[in-house]
Amino acid sequence: MTHTTFDIPYRRQTLGNRLDVIVHEDHSCPIVAVNVWYHVGSKDEAPGRTGFAHLFEHLMFEGSAHHDGSYFEPIQRAGGQLNGSTNTDRTNYWEVVPSNAVELAVWMESDRMGHLLPALTDEKFHNQRDVVLNERRQNYENRPYGLAPVALMAALFPAAHPYSWMTIGSPDDLRAASLAEVHAFFRRFYHPANASLALAGDISHTHALELVERYFGDIPPGEKPGAAEPAPSALAPRRLVLEDRVELPRLYLAWLTPALFTDGDAECDLLANVLGGGKASRLYRRLVYEQRVATDVSAYQASRELGGFFQIAATAVPGTTLETLEGAIMEEVARLADQGPTSEERDRSVALTESAFWSRLEHVGGFGGKADQLNGYNVHRGDPGWFGHDLARYTDAEVASMRESARRFLAAADRVTLSVVPSGRRATAAPDSQAVEVS
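Here is a short report on the structure shown in this document. (Residues numbered from 1 in each chain as written. Predicted model: local features only at pLDDT ≥ 70, side-chain atom pairs only at ≥ 80, totals over all residues. Heavy atoms only, no water.)

So, on to the pattern of salt bridges. Counted according to the given criterion, the structure contains 21 salt bridges. Between Arg-426 and Glu-243 there is a salt bridge; the shortest N-O distance is 2.9 Å. Highlighted residues: Arg-426 in the loop between β11 (416-422) and β12 (434-435) and Glu-243 in strand β7 (residues 238-244), separated in sequence by 183 residues. Residue classification places Glu-243 among the partly exposed positions, given a relative accessible area of 30%. Across the salt bridge formed by Asp-390 and Arg-393, the nearest N and O atoms sit 2.9 Å from each other. With Asp-390 and Arg-393 both in helix α14 (residues 387-395) and 3 residues apart, this pair spans about one turn of that helix. Here the salt bridges do not stand alone but share partners, grouping Arg-286, Glu-331, Glu-332 and Arg-335 into one network. (Salt bridge = Lys/Arg side-chain N within 4 Å of Asp/Glu carboxyl O. Helix = DSSP H or I, 4+ residues; strand = E, 2+ residues; numbered from the N terminus. Buried < 20%, exposed > 50% of the residue type's maximum accessible area, 1.4 Å probe, protein only.)

Rendered as structure tokens:
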């Protein structure tokens, strides 16, 4: 099979303190992306002490020893942009700045890596903890269907598994956290030996390394943490119902699937496109267009470092039961497992994936841009230039391998079935569902 060639030239060098530095030169526009990945996420937390990685996403914008103030103001005044994010497996921070402001961005990133704790006061800690608690209320507790992922993760993974809780953490855990515990968490994970730094754009390799060595070179390396060792994930079928302040019932089906970059992961991604990837997908055509029993339907493969999961969600139209939706969805899943996708569905799914690959690389910075992708492959594969290998996982997938993945991972019984229904209407849930409460 012919592979699409990715040519993203880069140079990687590891400093004496074990910080990986990746430089990609692109002089087509006078901007530079500065991107840092720390190999820490909610998977590195422990039961009873959750939400620390996401909390640091907030704390690291609040000032460091030599810039004890907001990180947004200096970068934005220089004409740049910045942001950060946390997921189960990593935390990242990035800036995109005019070329003449790259030294500012590099210095500020180095100061919060090497000198954050002297500026991390009890007042800042309590302030940002309150911000996170409010974010949780807005995004989960007070949002329609917002508590569904909380219930799903707790059902899919055993209580000791780090994917059984949300990245944002438990409110009780956040309230119980102390400043000393937060300091200890930072010292363990936020240092050169556990980080990857990428610079992409209008900067030479030589100048980039000079800046990085100047500002990062004297930061102590720290000790690289050991890999997380989760509890085994053997899914027992569960049928749950959650009452919520919603108008329409919604059904969620979820299965455990392969971890990121392992065998079957790419095929599950492609199967998600076939089942629920847009208006041409099987479930959208059947449930929304033809039978008109759902207002929406989606499917996706959540690929994560320690293990993945596959989810289908559909919202019932008034008068339609979730039992009806479940029956129709499982008929399509069973047909896919039995017959596999058509060659046209396989080709469409691969084309959608390839388009998404190229779309991410249209920008040097930001979420998913070149600097972000270089760091991602470096952290997860040890190879910043793994673009082509990654895409080949999809272009090499065949109808037969997709069918085998559907048979292996989307078995009818081995799943979590969650009904989210309007308060007081538990009877509208899928049959045999047990009540679940989350907070």
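Following the structure, the description resumes.
Next up on the list: unusual backbone geometry. Not every positive phi belongs to a glycine, and Arg-18 is a case in point at roughly 80 degrees. Mapped onto the elements of the fold, Arg-18 is located in the loop between β1 (11-14) and β2 (20-25). According to the relative accessible area criterion, Arg-18 is partly exposed, its value standing at 41%. Positioned with a positive phi, Asp-432 is a non-glycine residue whose angle comes to about 65 degrees. Here Asp-432 shows up in the loop between β11 and β12. Here Asp-432 falls in the exposed class, since its relative accessible area comes to 65%.

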